[in-house]
Structure formats: structure tokens, C-alpha cells
Amino acid sequence: MEKNHKIELPLHIHDEKNGLNYTLHGDYYLPDIEVDPGQPIGKYGRARLRYLQEHRSIMYNRLLLSGKLYDDLHRADEEAERLLDTMLSQMAKDAGVTEMLKASDPMKWVGMMNAIKAQVEEIIWNELIYT
């Protein structure tokens, strides 16, 4: 009668070459990666995260494994907010959207501001999020 000999593998190992620790999951050792999100990520950082996960998986994995993912997401979020603030006010000024218009015709003011915000966000998506 043949006996089944199963080799007991250690649950945790350390690779001296790359300095990483690994944990056994099923038949595979996976690296123990801790991600410190640091500061909360806003709307644009979360959008970039979804984009990277769904469309740029290699870049996502590279950033994640290097520990730079949340730095990238935070940078994109901050830059997007800065662009939104500066471009929104400049484009509103260029289009003649003023406080006087807001007081005299609030519905027109809201419509124009919404259109301008949509234009600025389109720029943000293309220049920061989808790169």
C-alpha cells in the first residue's frame, strides 16, 4: 500500500535577494505587501485608481509593488483640484460669467458654470486621470 507523503511548507519565508517576506496561500507564496494610503484620496484619485486597475494593470501593479501607488493617486488628485480651481475661475472670467450675472439671471449663471465645469473636468480626465 502506497502512503501519501505531503511536504509541509513553511507558512512564511523571507527572500534575501529582494528583502521581501512571503506568505503561503494555497500552493503559492505571495509577497507580504502593506499599503499605507496615507492621506485620503479624493474624487480624482479614486477615478485614477479605477482607470489604472481596469485599463493599465501593468502600471497599476508596478506602482503598487513599488509602494508608489498612493503617492501617484494623491498627486493626481491634488493636481486635478488645483487645475479645477484655476481653470474654472479663468474660463468663467473669459466667458463673462460674473457675480452680476449671478444676481440678475441665476439660471443662466448656473447653466454657464456647469458647462464650464464640464469642460474643465474633460481636460482633467484626459490630462491627468487617463495618462
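What you are looking at is a predicted structure, and each value in this text was computed from that prediction instead of being measured. (Residues numbered from 1 in each chain as written. Predicted model: local features only at pLDDT ≥ 70, side-chain atom pairs only at ≥ 80, totals over all residues. Heavy atoms only, no water.)

J.: Would you take a moment to explain the overall build of the chain for this structure?
T.: Across its full length, the chain holds five helices and three strands. Listing the helices and strands of the chain from first to last along the sequence gives β-β-β-α-α-α-α-α. Over its C-alpha trace the chain gives a radius of gyration of 25 Å, far above what one expects of a compact globule, namely 14 Å for 131 residues. Judged by the C-alpha coordinates and their principal axes, the chain covers about 95 × 30 × 20 Å. Counting across all 131 residues of the chain, residues that qualify as buried make up 26%. Of all intrachain contacts in the chain linking residues separated by at least 6 positions in sequence, the fraction that spans at least 24 positions is 53%. (Helix = DSSP H or I, 4+ residues; strand = E, 2+ residues; numbered from the N terminus. Rg over C-alpha atoms; globule rule 2.2 N^0.38 Å. Buried < 20%, exposed > 50% of the residue type's maximum accessible area, 1.4 Å probe, protein only. Contact = heavy atoms within 4.5 Å.)

J.: Even after reading the chapter, I still don't get the packing of helix α1 (residues 43-55) against helix α2 (residues 57-66), so can you show me in this structure?
T.: Between α1 and α2, the least distance of the axes is 5 Å, while the angle of their chain directions is 115°. Every residue of α2 that contacts α1 at Arg48, Leu49, Leu52, Gln53 and His55 is listed here: Ser57, Met59, Tyr60 and Leu63. Residue composition of the contact of α1 with α2, by class: five nonpolar, three polar and one charged. (Axes fitted to C-alpha atoms, helices over the stretch in contact; angles between N-to-C directions. Nonpolar A, V, L, I, M, F, W, Y, C, P; charged D, E, K, R; others polar.)

J.: Got a minute to help me understand the packing of aromatic side chains in this structure?
T.: Here the distance between the centres and the angle between the planes together describe a pair of aromatic rings. Scanning the entire structure with this criterion turns up three aromatic pairs. Centre to centre, the rings of Tyr44 and Trp125 are 5.6 Å apart; their planes meet at 55°, and the pair counts as tilted. With Tyr44 in helix α1 and Trp125 in helix α5 (residues 106-129), this residue pair connects regions lying 81 residues apart in the sequence. Both rings, one in Tyr51 and one in Tyr130, keep their centres 5.1 Å apart while their planes meet at 50°; by these two values the pair is tilted. (Phe/Tyr/Trp six-rings, centres within 6.5 Å; stacked < 30°, edge-to-face > 60°.)

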